[in-house]
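# Tertiary structure, described
Spelled out, the chains give:
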Amino acid sequence: MLTAGCSTRRVSQPAPVEDRSGATPRAADAVKATPGAENAGKPGYYTVRPGDTLYRIALEAGQSPRDVQAWNNLANPNLIEVGQVLRVSPPPASTAGVPAVAAGVTSAPVAAPGVTARPLSTPAAGAPASAATPSAAPTPTPAAEPAASSADDVAFVWPATGAVIAPFDEGKNKGVSISGKLGDPVVAAADGRVVYAGAGLRGYGNLIILKHNNTYLTAYAHNQALLVREDQTVKQGQRIAEMGSSDADRVKLHFEVRRNGKPVDPISYLPKR
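Below or above, wherever it landed, is the structure these notes cover.

What counts as what
Residues numbered from 1 in each chain as written. Predicted model: local features only at pLDDT ≥ 70, side-chain atom pairs only at ≥ 80, totals over all residues. Heavy atoms only, no water. Helix = DSSP H or I, 4+ residues; strand = E, 2+ residues; numbered from the N terminus. Contact = heavy atoms within 4.5 Å. Areas by Shrake-Rupley, 256 points an atom, 1.4 Å probe, with all protein chains shown as cover. Buried < 20%, exposed > 50% of the residue type's maximum accessible area, 1.4 Å probe, protein only. Pairing = 2+ DSSP bridges. Phe/Tyr/Trp six-rings, centres within 6.5 Å; stacked < 30°, edge-to-face > 60°. Lys NZ or Arg CZ within 6 Å of the ring centre and 35° of its normal. Salt bridge = Lys/Arg side-chain N within 4 Å of Asp/Glu carboxyl O.

A few words on the overall build of the chain. Check the secondary structure of the chain and you find three helices and 15 strands. Of the contacts made within the chain by residues no fewer than 6 positions apart, 68% connect residues no fewer than 24 positions apart. Just so you have it, the chain exposes about 13,400 Å², and 53% of that area is on carbon and sulfur atoms.

Time to look at the pairing of strand S10 (residues 206–211). Counted residue by residue, S10 has six buried out of six residues, so it is predominantly covered. Side chains of S10 alternate between two faces, with Asn206, Ile208 and Leu210 and Leu207, Ile209 and Lys211 buried alike. Between S10 and strand S11 (residues 216–226), which follow one another and run antiparallel, lie four residues.

Quick look at the packing of aromatic side chains now. The final tally for this structure, using the stated rule, is five aromatic pairs. Seen from their ring centres, Tyr216 and Tyr269 are 5.7 Å apart, and the 70° between their planes marks the pair as edge-to-face. In this pair, Tyr216 is assigned in strand S11 and Tyr269 in the segment after strand S15 (262–264), connecting sequence segments 53 residues apart. The class for Tyr216 is buried, based on a relative accessible area of 4%. What makes Tyr269 partly exposed here is its relative accessible area of 23%. Each residue in the set Phe156, Tyr216 and Tyr269 is aromatic and connected to the rest through ring pairs, giving one cluster. Sitting above the plane of the Trp158 ring, Arg273 keeps its charged end 3.6 Å from the centroid.

A separate point is unusual backbone geometry. Keep in mind that most residues, glycine aside, have a negative phi and that most peptide bonds are trans. A positive phi angle is found at Asn73, which is not glycine, with a value near 50°. Secondary-structure assignment places Asn73 in the loop between helix H3 (65–71) and strand S3 (85–87). Of the residues examined, Asn73 reaches a relative accessible area of 71% and is grouped as exposed. You will see that Asp231, though not glycine, has its phi angle at about 75°, which is positive. As for its placement among the helices and strands, Asp231 is situated in the loop between S11 and strand S12 (233–234).

Attention now moves to the pairing of strand S7 (residues 176–179). In S7, alternate side chains face the same way, and those of Val176 and Ile178 on one face and Ser177 and Ser179 on the other are all buried. Bridging between strand S6 (residues 164–166) and S7 involves two bridges; their strand directions are antiparallel. Residue Val164 lies in a different strand from S7, and its bridge partner there is Ile178. As defined by bridge partners, S7 adjoins strand S14 (residues 252–259) across four bridges and the pair is classed as antiparallel. In the strand pairing of S14, Ser179 is matched with Lys252.

Within the secondary structure, Gly261 is located in the loop between S14 and S15. A relative accessible area of 3% means that Gly261 is categorised as buried. Through-space distance from the C-alpha of Gly261 to that of Leu217 is 7.5 Å; in sequence the pair is 44 residues apart. Discounting chain neighbours no more than four positions away, the residues touching Gly261 are Leu59, Glu60, Ala61 and Gly62.

Following the sequence through the fold, Pro50 ends up in the loop between strand S2 (45–47) and helix H2 (54–61). According to the relative accessible area criterion, Pro50 is exposed, its value standing at 64%. Placed 33 residues apart in sequence, Pro50 and Gly83 show a C-alpha to C-alpha distance of 8.6 Å.

Bringing the pattern of salt bridges into the picture now. Scanning the entire structure with this criterion turns up 11 salt bridges. Close ionic contact of Glu60 with Arg258 constitutes a salt bridge, the shortest N to O distance being 3.0 Å. Note that Glu60 is positioned in helix H2 and Arg258 in strand S14, a separation of 198 residues in sequence. Among the salt bridges present, the one from Lys235 reaches Asp191, with a minimum N-O distance of 3.2 Å. Taken together, the residues Lys235 in the loop between S12 and strand S13 (239–243) and Asp191 in the loop between strand S8 (185–187) and strand S9 (192–198) connect sequence positions 44 residues apart. Here Lys235 falls in the exposed class, since its relative accessible area comes to 52%. For Asp191, a relative accessible area of 38% puts it in the partly exposed group. Connected through salt bridges with shared partners, the residues Arg66, Asp67, Arg193, Glu230 and Asp231 form a single ionic network.

This is the structure:
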């Protein structure tokens, strides 16, 4: 639930990875000095390459950036090295599902450079802050149940009402682009938890990533304003952002569905219009 008048905090841009590979006198010493080198090539691990950021690595692995940071004991998520090997799957004893929000736990909404974090509505005088209700949003149309379902199957709804103006192309467009007007509502395609809200991934602008379960993530890019904060749980059809043109050539929503970190065609998972 959002609280009107919450304080905001700025999201720092992730620094580029540091390339220290040429600083050591011997190759053997370089291997020893590179964090996690003993896990290189193992399933569930990723070797950092030039230009990588923790946020993009986590998105490609279908994980929360905060989870990846915790699994690797990183004090500063912006400081990773070329050649460093990161764990990108949960440790054996870890449960990385969508947790419920503990009672009484609150956090400030995220505000990145150029991002306006706005409450969804203002409570009536005398009403508790938690009684705020979301603004009007597109009425969701549930997708048909799949013929063969599994525990992690999700019935998604359209995140915006506009037409698809750019289809999925794994090589060029890892999602679909949906048209709209500045400020149009963007809604959650399914119940989930906000694992990222900010502007740290180049090419995505003001971005929200929702984790729905251990299999599926959805991403909502180029927003004008973000209406949710990291670690917040959201419901299907809840308004989470306002459509915009951040880091884009026009107003639109870039929407991705990722299955086990791999981008898939959202049209295959959305109800027919």
